[in-house]
Amino acid sequence: MPEQTPNFLTCPIEPASSQPKAVENAPKLPRPKRRRIWFVLLFVLLFFVAASIPLGLTLSSAYGSANSARSSVQSAREKLINKDVEGAREDLKNARASLLKFREQLQKLGILRDLPSLGTQIRALEDAASAGSETLGSADDILDVAAVILDALQSGVETSDVLKTGIAPTRKFEELTTEEKRDLLQRFSNELPRLRSARDKMDIALTLWGRVPKEGLASPISNALEPLAEAIPLMKKSLDEAVPLLEALLPMSGYPTPRHYLIVLQNADEIRPAGGFIGTIGNMTWDAGTLTEFAFTDVYNIDNPVSGVWKEKPPDPLTRYIGVSNWFLRDANWSPDFPTSAERVLDFFIRESELQLHAQLPARPTTFIALEPGFFRSLLELTGPLEVDGKKYDSDNFFEQLEFQVEVGFHQQGIPVEQRKEVISKLGAELTKKIFALPSSRWPEVLDIVTQALERKQIMAYSSDSDLQPVLESRGWSARAKPTNGDFLWVVDANLAALKTDGAMKKEIHYSLDAKSPDGPVATVTLRYTNTAKGFGDYRYTRYRTYTRVYVPDGSEFISSSGAMKDDLNKTGGNFVPGTVDVFKELGKTVFGAFWSIEPGKIGELTFTYRLPSTALVGEGGRTPPLQSDYRLDVPKQAGVDNAALTIDLSFDKNIKSAMPPEDSTKWGDSRYEYRTDSLIDRSFEISF
């Protein structure tokens, strides 16, 4: 039998000459372990030395690839500033190639990718490279779109009689021909699929980047990928805004078919549930970017002529507190759910108008847009002041001066009451002219103002057309009432014959929750309103009279209330007479409604205390995807109420682990959450324990 050869992968065998012959049937002795340990250690050392060489080379090469990608991205950025789209496209192509090479190198590391700590780092780098690659793929799609649009904005009419819209950055919208506008809109329409593709790629990039550990990523590579890491959320936000805005803008501009609008200016100084009082109403028609109809009139010019034949039963509070026996267009925005109010406004406008004409309207509006004062302030900050009939209107005095003109000034000037709001048409025409006169390089600023106004419910839109309404709904631009997903609070006022006194009101909303009680969570809403009017001498202001509705989760149990009034002090002989609280269901919520009034220079308080259903505390009722927190509170804004103070004070039976938005750090570490903010946008609060 041949002798066994030593092998460093097994226990070594000593040469035969150094060992005595084994005695048959002799007891076996344990083998010495020291040499085995040394050989195992040697094997491990050799393994890691062998592994570290390709790892080091790969990481070094990966760093080079990532750094090359960074240089290419920076070069692309500089070229884009100089409008060199093709050069930027080539740089991004090189950057993406570098990242793909980086990822391929990491994937060659084989078994090292499965080691606990090292493997995590390698896979994190792969995710980072993939995220960067998807980001650059999205950017490439965007550059394709940019190249087309830039061509449209800069090129002239070719000699081959093929129309190309010659819109240099200095050209104005008002200078474009009808054909140029249609051609530009067609180009946008053709490029929409590519923008959607860019958005989808950015979603993938964001998901991949979310898997990359925030700590522990190799520093040189982390620094090289930093420009992409910064770009992802910014590009994601831009695409999320641009794609739906373009999807809505194309049909709203009357492309490919004309669109007929009903426009109302809602005066937030006289608040109504779906925004301000409908004082001015207008018709507008767009045909492929060309405004073919634009005229406003006083809402009473629609309502008054049909007062003898129009029959609609009004909501009960309108009858109870201001004696209204018929429901007209001017009061049609009674529901805080904007689509509900919009459908009624469109219906009332069409039927009242046709009663006057004794015939069907030649072009029935299918899209309704409500505009609030905040939108016009932002536009005037962009365009500068307007001058109409010798008066200057700027962002600071616009509504104050306009209110004076339509309430007092017209009478002093001998203008018939039916024509008192013609100044609004003049202002609208002047503002439109200024916007259309802006160079194309400033059009993005207008879009930013529109987007912000939609988010703040300073613009609300509804359409009965199936090509438009789904887009408005998906972005929340139709201001539809939010569903309940946990706790919920929506305070909705309705100014009832209080002139423009909302303009003098300081409103504070305080919501407190005691979730410690074994009998169930108890909530209290306290409304503290201050009437800052000096007295009754101003044509705009008087005592504040409002019917307030508070929308809370369905199934909430009313406990008590204070501050509700039977009527204002003038109607009750100067004595406070308690009123009743209406409790009912609406919009999938439980609603508490009450009338109250605040005299000039006085402070009033209205409170509601109620027990929440168990479903309001998501942690107890089970989390509802995609909700990840244990408690959620939604506080939508009432359209037109931009500056109410909102205080949230929540007490739980366990310490809070995290909250969004976070409290001041000095308040962390206990079971109470306190936060102050405003009503400029819808607010949401999420708590985890």
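Refer to the structure above for everything that follows.
Conventions used here
Residues numbered from 1 in each chain as written. Predicted model: local features only at pLDDT ≥ 70, side-chain atom pairs only at ≥ 80, totals over all residues. Heavy atoms only, no water. Pairing = 2+ DSSP bridges. Helix = DSSP H or I, 4+ residues; strand = E, 2+ residues; numbered from the N terminus. Salt bridge = Lys/Arg side-chain N within 4 Å of Asp/Glu carboxyl O. Buried < 20%, exposed > 50% of the residue type's maximum accessible area, 1.4 Å probe, protein only. Axes fitted to C-alpha atoms, helices over the stretch in contact; angles between N-to-C directions. Phe/Tyr/Trp six-rings, centres within 6.5 Å; stacked < 30°, edge-to-face > 60°. Lys NZ or Arg CZ within 6 Å of the ring centre and 35° of its normal. 1 Å grid on protein atoms, 1.4 Å probe; cavity = no way out; pocket = protein on both sides within 12 Å on 5 of 7 lines; lining within 4 Å. Points joined across faces, edges and corners; volume = space filled by probe spheres on them. Nonpolar A, V, L, I, M, F, W, Y, C, P; charged D, E, K, R; others polar.

> Talk me through the sheet that holds strand β17 (residues 631-635); I want residue IDs and the actual numbers.
With mixed pairing, the four strands of this open sheet are ordered in space as β8-β17-β21-β19. Both edges of this open sheet fall to β8 (487-488) and β19 (658-660), since each of them pairs with a single strand only. Two strands pair when backbone bridges link them, and β17 and strand β21 (residues 683-688) are joined in this way by five bridges, in the antiparallel orientation. Each bridged residue has a counterpart across the sheet, and for Arg632 the counterpart in β21 is Glu686.

> Pulling in residues and values, what's your account of the pattern of salt bridges?
The full count for this structure, using the stated rule, is 40 salt bridges. Note that Arg543 is salt-bridged to Glu599, the shortest N-O span being 2.8 Å. Of this pair, Arg543 sits in the loop between β11 (522-531) and β12 (544-553) while Glu599 sits in the loop between β15 (589-598) and β16 (603-611); the two residues are 56 residues apart in sequence, bridging distant segments of the chain. Just as Arg543 is buried, Glu599 falls in that class too. A salt bridge links Arg545 to Asp568; its shortest N-O distance comes to 2.4 Å. Here Asp568 lies in the loop between β13 (557-562) and β14 (582-586) and Arg545 lies in strand β12, a separation of 23 residues in the sequence. The buried category is assigned to Asp568, whose relative accessible area is 3%. One connected set of salt bridges, linked through shared partners, spans Asp649, Lys667, Arg672 and Glu674.

> Give a description of the pairing of strand β2 (residues 275-287) that names residues and reports values.
Taken across its 13 residues, β2 has 11 buried, putting it largely inside the fold. Looking at chain direction, strand β1 (residues 259-272) and β2 are connected through 11 bridges and run antiparallel. Note on β2: the bridge partner recorded for Leu262 is Asn283. Between β1 and β2, which pair antiparallel one after the other, the connecting turn spans two residues.

> So, the sheet that holds strand β10 (residues 505-514): which residues are in play, and what are the values?
What holds strands together in a sheet is hydrogen bonding between their backbones, with the strands either parallel or antiparallel. Reading across the sheet, the six strands line up as β13-β16-β11-β10-β18-β20 and stay open at both edges, with mixed pairing between neighbours. In this open sheet, the two strands that pair with only one neighbour each are β13 and β20 (672-678). Within this sheet the neighbouring strands show an average axis-to-axis angle of 15°, counted without direction. The pairing of β10 with strand β18 (residues 645-651) spans seven bridges and is parallel.

> Hey, could you go over the packing of aromatic side chains for me, with residue numbers and the actual values?
For the coordinates displayed, the defined rule picks out 25 aromatic pairs. Pairing Phe398 with Phe399 gives two aromatic rings, centres 5.0 Å apart and planes at 75°, and the pair type is edge-to-face. On the basis of relative accessible area, Phe398 is assigned to the buried category, the value being 7%. Among the aromatic residues, those joined into a ring-pair cluster are Phe375, Phe376, Tyr393, Phe398 and Phe399. Over the ring of Phe410 we find Arg420; its NZ or CZ atom is 5.9 Å from the centre of that ring. Positioned above the aromatic ring of Phe488, the side-chain terminus of Lys589 is 4.7 Å from the ring centre.

> Talk me through empty space enclosed by the protein; I want residue IDs and the actual numbers.
Under the criterion given, the structure shown has two cavities of 30 Å³ or more. Considering only enclosed or pocket space, the largest cavity measures out at about 150 Å³ in volume. The class makeup of the residues in the lining of the largest cavity is nine nonpolar, two polar and five charged. Lining the second largest cavity we find Pro273, Ala274, Pro336, Phe338, Lys457, Met460, Ala479, Trp490 and Ala639.

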